[in-house]
Amino acid sequence: MSQNESPVERIKKNSHGLRGTLKESLKDEHTGAIREDDQSLIKFHGMYMQDDRDRREERAAKKLERLYSFMIRLRLPGGLLKPNEWVGLHHIAGEHTTGVIKITTRQTVQLHGILKSHIKPTIKAFDQMRLDSIAACGDVNRNVTCSAHPSYSPIFQEIFEYADKISYELLPKTRAYYEVWLDEEKLAEVNEEDPLYQDRYLPRKFKIAVAVPPYNDVDIFTNDAGLIAVVEKGKLTGFNVTAGGGLGTTHGNPDTYPRLADVLGYVSKEDAIKALYAIATVQRDYGNRSDRKLSRLKYTIDKMGLPAFKAEVEKRLGFDFETPRKADLKFRHDEYGWHKNHQGLWYYTAFVESGRVLDTEEVQLKQAFLEIAQAEKANFRFTCNQNLIVADIKEEDKAFVENILSTYGVIANTEKASPVRRNALACVAFNTCPLALAEAQRYLPSLITKVEELMGKHKIQQEGISIRMTGCPNGCARPYISEIGFVGTNYGRYNLHLGSDVIGTRLNKFYKENLDEEQILAELDGLFGRYSSGRKKKESFGDFVVREGIV
Ligand code: SRM
Ligand code: SF4
């Protein structure tokens, strides 16, 4: 191993196919934690060790170790759950976790607060429904996302199957997950040779999305690699392939930056997965393995230069990319409410603020979805905007589903939310994220209420300006590609970024540093006033601040 390689490289190589000492860590009853090296390995199995940050001081005062627990993220390519799987997820959430089902910005769900002794029962319960969390985190290909709303295109189902195939082709070959969590016997004859990941895996996380134009709900250009469907005469012919997106940055480290992907070119649908695989191997071989802050594909491409990177991918593929074909992306927000697809099936997109599915006095999302699932009247599709589509409903079942959605306040909750609230995204941040510097999902809803007042004052309340907030610069709610982005710097303070377009093809720009709530509202008051009086017809807020030279 090179002297410069980061410690995680050693952990991966010495892990015996991601097994490490996870079994021993689990058995240790003296602590709620697992061993340090295993904390890196557990990510490859879709889990993170965390602690309740709200209770750190109290625990320290009592000389108790931190209140450790685990977060599990499911691998759900394309974000689909069948009714029985939703029922199972509901009960697993109730028995082993905080109870909140958290829809993520990558179209899957996370459960938090799982104690060490509950991990295996949780994974076993998922396994009984053939659901897993393999590679949902770690230096491998993550959950493959795909445009969510089937009513937009008859080719949706075909594309959804691509997401599944991509996820499968890029899964690690090790059986460690089954041995550690499901007590599978280690079989000597099972070939674990992994031509893609070898024993070193990728230098860093790797993310793939598939977009179905005109819909860019997956924020395709923020992914390491992506496919944009090309539809000609109503048929899927192939894809424009993208590479080099990524958003994470580090405060004070100017070598880090958000970057949108480039379009490498067009490939036929038969060659699309090969192209993604080739991109992943170039990243495996050329990516930075010494500094994890600079190891995403975006930096590999910028270091090699785009033409050299593309040539290397083409060399491995054995053919060249064709000129990109027409595949126009027009919007990326979720279409709420009822829609029907070409087969006459109905879809209801429900607003789930910050992706938190739970029951409150006002709206009982969990109860509503449970009853619909128990009656087997719908599938459940997650969106990359942290919402839920009650999906694939037959005409004769629509009234039944509508009655439940209405009884538990889901329809009212969706309809009363203002356009700006419906388009907003916030990452998890406190109390579980160890990297959070400021609040996000626990704070944004109340800030939006104040922003709504300002928008009302300036008569722009019908504008669905995209506001995204994260508790640190890692960018989990993709704040660098919103019209108004808040990036946490310190408790109660945020950098303000302005000026993305509405379709997700332009990064915003840093505007003001380290603002508290009062300063944020004062800035927005001024900006909204200028927008209200100075905008052109149909001009978005993001386009306005760029045209006016505000950023
Ligand atoms: Fe993320 C790390 C939550 C989407 C960039 N992200 C984390 C961790 C696991 C913190 C950690 O490393 O210990 C957060 C767990 C919080 C918690 O308590 O649950 C976390 N990321 C999330 C989720 C749950 C946010 C949400 O509220 O929905 C999203 C889960 C997606 C999924 O289902 O797989 C989530 N993370 C993203 C995205 C958005 C996307 O992929 O579309 C990004 C920006 C795009 C990108 O990858 O560049 C993102 N997360 C990061 C980074 C920065 C990576 C980098 O290149 O620098 C980190 C930190 C790291 O990897 O070191 C991170
Ligand atoms: Fe945690 Fe930062 Fe991601 Fe928010 S953006 S979930 S604070 S890592």
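Residues numbered from 1 in each chain as written. Chains lettered and ligands numbered in written order. Predicted model: local features only at pLDDT ≥ 70, side-chain atom pairs only at ≥ 80, totals over all residues. Heavy atoms only, no water.

(A) Seen up close, the site of ligand 1. By nearness alone, 30 residues border ligand 1, and Thr104, Leu247, Thr432, Cys476 and Arg478 come closest of all. Take histidine 112: an N or O atom from its side chain is 2.8 Å from an oxygen atom of ligand 1. The contact in question runs from an oxygen atom of ligand 1 to an N or O atom on the side chain of arginine 296, over 2.8 Å. Listing elements by their share of the shell around ligand 1, those giving two or more residues are strand S1 (47–51), strand S2 (68–73) and strand S5 (109–114). In terms of residue class, the shell around ligand 1 is made up of 10 nonpolar, 12 polar and 8 charged. (Near = heavy atom within 4 Å. Polar contact = N/O pair within 3.5 Å; in protein donor to acceptor, adjacent residues only side chain to side chain. Helix = DSSP H or I, 4+ residues; strand = E, 2+ residues; numbered from the N terminus. Nonpolar A, V, L, I, M, F, W, Y, C, P; charged D, E, K, R; others polar.)

(B) Layout of the site of ligand 2. As a matter of local geometry, ligand 2 sits amid Cys427, Val428, Ala429, Cys433, Leu435, Ala436, Thr470, Gly471, Cys472, Asn474, Gly475 and Cys476. Grouping the constituent residues of the shell around ligand 2 by class yields 8 nonpolar, 4 polar and no charged.

(C) Just the packing of helix H5 (residues 83–96) against helix H6 (residues 116–128), in detail. At a minimum axis separation of 10 Å, H5 and H6 run at an interaxial angle of 170°. Relative to H6, H5 is oriented roughly antiparallel. Between H5 and H6, the contacting residues are Leu89, Ile92, Glu95 and His96 on the first element and His118, Pro121, Thr122, Ala125 and Phe126 on the second. In terms of residue class, the contact of H5 with H6 is built from 5 nonpolar, 3 polar and 1 charged. (Axes fitted to C-alpha atoms, helices over the stretch in contact; angles between N-to-C directions. Parallel < 35°, antiparallel > 145°, perpendicular 65-115°, else oblique. Contact = heavy atoms within 4.5 Å.)

(D) View of the coordination of the iron atom of ligand 1. Protein coordination of the iron atom of ligand 1 is limited to a single donor, Cys476 (SG), positioned at 2.3 Å. Counting through the fold element by element, cysteine 476 comes out in the loop between strand S17 (467–470) and strand S18 (484–490). (Donors = N, O, S within 2.8 Å, 3.2 Å for Na, K, Ca; no water.)

(E) Just the sheet that holds S2, in detail. Across the sheet, which stays open at both edges, the 5 strands sit in the order S1-S2-S5-S4-S13 with antiparallel pairing between neighbours. Both edges of this open sheet fall to S1 and strand S13 (356–357), since each of them pairs with a single strand only. (Pairing = 2+ DSSP bridges.)

(F) Seen up close, the packing of aromatic side chains. This structure, assessed with the given rule, holds 20 aromatic pairs. Taking the centre distance of 6.3 Å and the plane angle of 20° together, the rings of phenylalanine 156 and phenylalanine 160 count as stacked. One end of the pair is phenylalanine 156 and the other is phenylalanine 160, both in helix H7 (residues 156–169) and 4 residues apart, which spans about a single turn. Judged by relative accessible area, phenylalanine 160 falls into the buried class, the value being 10%. A ring pair is formed by tyrosine 162 and phenylalanine 239, whose centres lie 5.0 Å apart and whose planes are at 70°; its orientation type is edge-to-face. (Phe/Tyr/Trp six-rings, centres within 6.5 Å; stacked < 30°, edge-to-face > 60°. Buried < 20%, exposed > 50% of the residue type's maximum accessible area, 1.4 Å probe, protein only.)

(G) Expanded view of the pairing of strand S8 (residues 225–232). Counting buried positions along S8 gives 6 out of 8 residues, so the element sits mostly inside the fold. Between S8 and strand S9 (residues 235–243), which pair antiparallel and follow one another directly, the connecting turn spans 2 residues, one of which, lysine 233, has a positive phi of 50°.

(H) View of the nonpolar core. Counting 106 residues, the largest nonpolar core has Trp86, Trp181, Ile279, Phe369 and Val390 as the members making the most contacts within it. The element best represented in this core is helix H9 (residues 272–286), accounting for 8 residues. Residues within four places of isoleucine 279 in sequence aside, it is in contact with Phe206, Ala225, Val241, Thr242, Ala243, Leu264, Leu297, Phe309 and Val313. (Core = buried A, V, L, I, M, F, W, Y, C linked by side-chain atoms within 4.5 Å.)

(I) Structural detail: unusual backbone geometry. Residue proline 213 is joined to proline 214 through a cis peptide bond whose omega torsion reads 10°. Of note, the amide linkage connecting phenylalanine 430 to asparagine 431 takes the cis form, showing an omega dihedral of 10°. You can see asparagine 431 is positioned in the loop between strand S16 (425–426) and helix H16 (444–457). With a phi angle near 60°, aspartate 392 is a residue other than glycine that sits in the positive phi range. Structurally, the position occupied by aspartate 392 is in strand S15 (residues 388–393). The phi dihedral of alanine 429 falls on the positive side, at around 55°, and the residue is not glycine. Examined against the element boundaries, alanine 429 turns out to sit in the loop between S16 and H16. By relative accessible area, which is 2% here, alanine 429 ends up buried.

(J) Spotlight on the pattern of salt bridges. All chains considered together, the criterion is met by 49 salt bridges. Across the salt bridge formed by aspartate 132 and arginine 75, the nearest N and O atoms sit 2.9 Å from each other. Taken together, the residues aspartate 132 in the loop between H6 and strand S6 (145–146) and arginine 75 in the loop between S2 and strand S3 (80–81) connect sequence positions 57 residues apart. Note that aspartate 328 and lysine 326 form a salt bridge whose closest N and O atoms lie 2.6 Å from each other. We classify aspartate 328 as partly exposed; its relative accessible area is 39%. Residue class for lysine 326 comes out exposed when judged on its relative accessible area of 67%. Each of Arg200, Arg284, Asp285, Glu312, Lys315 and Arg316 takes part in a single network of salt bridges with overlapping partners. (Salt bridge = Lys/Arg side-chain N within 4 Å of Asp/Glu carboxyl O.)

Bear in mind that shape data such as this cannot, by itself, settle questions of function.
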